[in-house]
Amino acid sequence: MKRILIIDPDASYRGKVRVALESLACDVVALESVGEASRALIEESPALVISGYDQPREEELDLLRLARKGSHPVPVLVLAREGSTRGAIDFMDAGAYDYLRRPDVTELRAVVEDILRLSGEDSSSVDLPDEREGEAAKIIGSSAEMIEIYKLIGRIAKSDAAVLVQGESGTGKELVARTIHENSRRANRSFLAVNCAAIPETLLESELFGHERGAFTGASYSRKGKFELSHGGTIFLDEVGDMSLPTQAKILRVLQEQTFERVGGEQTLTSDARIIAATNKSLVECIESNAFRVDLFYRLKVVSIFLPSLRKRPGDVALLVDHFIRKYHRESKISIRGISRRARLYLEAQPWTGNVRELENAIQTAVVLNRTGTLDVEDFPFLRDHSGSGGGATGPNVLERLREEARRAANVLLADQSGRAGKPVYHNCVDTVEQAVVDAALLHCAGNQVRASRMLGISRNTLRTKMSLDDPIQGEG
Ligand SMILES: Nc1ncnc2c1ncn2[C@@H]1O[C@H](COP(=O)(O)OP(=O)(O)OP(=O)(O)O)[C@@H](O)[C@H]1O
Ligand SMILES: [Mg+2]
């Protein structure tokens, strides 16, 4: 169970927060003063700290810094009663995850759920992190190739055999891994994913096997690794081809004997986690260049699933298009009736070198930019420019259109400037565009500032300043 530490001098609000969070199946430790908090922070290893202080006194800032220290910083959410510019700036500057004016209970639950999911701090092995909103992940496709894959999943899900999922980027390897887990006897236990390429080698071992207190600089308390946490469940080793040889040796040992030690630890621990690995590299080539152990390769691919590229199953494009339109219609709350026949044919003819992920991104962008309620070829200008490149979701055409619009608007404002008070034309135009971009991102992320800032490639602080016109928190001196 995830533990949340609340520090708030206001007993009544503290009580409300406790009730709200306990309904999320979290274990709540509530404290009145910041004095006792540093000890609790170390002893309770919370997954999240909620601090209810308005004014950033040194004591509160110190606690925040303590929480953020070490290799596994704990996110700190500040819930201010009044909210002040100073508080927002100082708390954010000291590393707060977010600074909000006391939200109501429903909103608070949503924020906390988001933080726990995004921070990936799995201090528990009971719940399933990374669950897709609302519905279970679903594999779409009715091509003969995909039917073979479903049958294979059905045959092997109930066994504990290791599975190796291969395929180009974006073909759905992680989705398949989740589906195997959800159909296994382990379905009500954890599915934990580790991206072996995204984590620096030194941290990867701690991520996988955990570490003892003092194992390395910054390891101020001991921590369980994903193998320990997914005992009884499934561990997904993504980009397994990028794992170093020493780590490979340790994984091999878990596969053979189900045993391992925490980094810096002496005690031998066991985990019966089922291992599903994925890679878009050719492991055979990695073996030839001595970058991957051949014995591990055979242990991992007791069952081997190869996902075909989307080019090889063009018939699935239409189904995926409908699926993603429905999904983004729901998520973005933008009303889309459907897609024109012309656009459907156009999408079916695309090379989709980025596979399903590229198709998904394309639909997502088109839904957001669409003005008519029906997707048409014009909603996919970025595909025309990037055809064959596997490109992302934006394109020069969209920006060219924006530039043209901005030029036109600036001309009107410049011509109309005679003697009127108001913002100078330059700031007026730039602010308007900034505001529109920020609004679009927030809409896209259902108001979640963390995700929106990530999507825009700016810091949360910057995002908040760009929102300042609408935000009463920032309004004060
Ligand atoms: N057959 C499918 N049906 C529905 N959604 C799919 C399908 N295949 C992939 N997706 C979606 O496409 C996106 C990419 O899939 P996923 O992350 O599983 O790909 P991957 O093979 O792991 O890619 P990478 O190698 O880049 O990590 C996800 O949002 C996933 O839900
Ligand atoms: Mg993946």
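Every value quoted in this text rests on a predicted model; they were computed, and no experiment measured them.

Colleague: How should I be thinking about the sheet that holds strand E6 (residues 163–167) in this particular structure?
Modeller: In any sheet, the strands associate via hydrogen bonds between backbone groups, in a parallel or an antiparallel arrangement. Strand order across the open sheet formed by 5 strands is E7-E10-E13-E6-E14, with parallel pairing between neighbours. This sheet does not close on itself; its edge strands, each paired only once, are strand E7 (191–195) and strand E14 (303–307). The mean inter-strand angle of the sheet, taken between neighbouring strand axes irrespective of direction, is 20 degrees. Direction of pairing for E7 relative to strand E10 (residues 234–238): parallel, over a ladder of 5 bridges. Note that in E10 the partner of Phe191 across the bridge is Thr234.

Colleague: Would you take a moment to explain the pattern of salt bridges for this structure?
Modeller: When charged atoms on two side chains of opposite charge get close, those side chains can pair. Inspection of the entire model under this criterion finds 30 salt bridges. Between Asp27 and Arg3 there is a salt bridge, with the nearest N and O atoms lying 2.9 Å from each other. Within this pair, whereas Asp27 is found in strand E2 (residues 27–31), its partner Arg3 is found in strand E1 (residues 3–7), the two being separated by 24 residues in sequence. For Asp27, a relative accessible area of 27% puts it in the partly exposed group. Between Glu22 and Arg18 there is a salt bridge, with the nearest N and O atoms lying 3.2 Å from each other. With Glu22 and Arg18 both in helix H1 (residues 11–22), this residue pair falls 4 residues apart, about one helical turn. In this structure Glu22 comes out as partly exposed when scored by relative accessible area, which is 39%. When salt bridges that share partners are traced, they join Arg3, Asp27 and Glu44 into one network.

Colleague: I would appreciate a short explanation of the sheet that holds strand E5 (residues 98–101) in the present structure.
Modeller: Judged by pairing direction, the sheet is parallel, and its 5 strands sit side by side in the order E2-E1-E3-E4-E5 without closing on themselves. Looking at strand neighbours, the two that pair on one side only are E2 and E5, the edges of this open sheet. Averaged over neighbouring strand pairs, the angle between their axes works out to 20 degrees when direction is ignored. Note: E1 against strand E3 (residues 48–51), 4 bridges, orientation parallel.

Colleague: Teacher, can you tell me more about the confidence of the model for the protein chain here?
Modeller: Should the pLDDT be low somewhere, the predicted coordinates at that spot are not to be read in detail. This prediction gives the protein chain a mean pLDDT of 83; 88% of its residues lie at or above 70. In this model residues 386–395 is a low-confidence stretch, pLDDT under 50, and it forms 19 contacts with partners more than four residues away in sequence or in other chains. Counting interchain partners and residues more than four positions distant, the pLDDT-below-50 stretch residues 470–477 has 18 contacts.

Colleague: Explanation requested: the packing of helix H13 (residues 315–332) against helix H15 (residues 355–369) in the structure shown.
Modeller: Helices that pack against each other are described as a pair by the angle of their axes relative to one another and the distance between those axes. Put simply, H13 and H15 touch, their axes get as near as 9 Å, and they point 45 degrees apart. Taken together, the axes of H13 and H15 lie oblique to each other. Handedness of the H13/H15 crossing: right-handed. Every residue of H15 that contacts H13 at Val317, Leu320, Val321, Phe324, Ile325, Lys327, Tyr328 and Ser332 is listed here: Val356, Leu359, Glu360, Ile363, Gln364 and Val367.

Parameters and conventions
- Residues numbered from 1 in each chain as written.
- Chains lettered and ligands numbered in written order.
- Predicted model: local features only at pLDDT ≥ 70, side-chain atom pairs only at ≥ 80, totals over all residues.
- Heavy atoms only, no water.
- Pairing = 2+ DSSP bridges.
- Helix = DSSP H or I, 4+ residues; strand = E, 2+ residues; numbered from the N terminus.
- Axes fitted to C-alpha atoms, helices over the stretch in contact; angles between N-to-C directions.
- Salt bridge = Lys/Arg side-chain N within 4 Å of Asp/Glu carboxyl O.
- Buried < 20%, exposed > 50% of the residue type's maximum accessible area, 1.4 Å probe, protein only.
- pLDDT = per-residue confidence, 0-100.
- Contact = heavy atoms within 4.5 Å.
- Parallel < 35°, antiparallel > 145°, perpendicular 65-115°, else oblique.
- Left-handed = near helix turned anticlockwise from the far one by under 90°.

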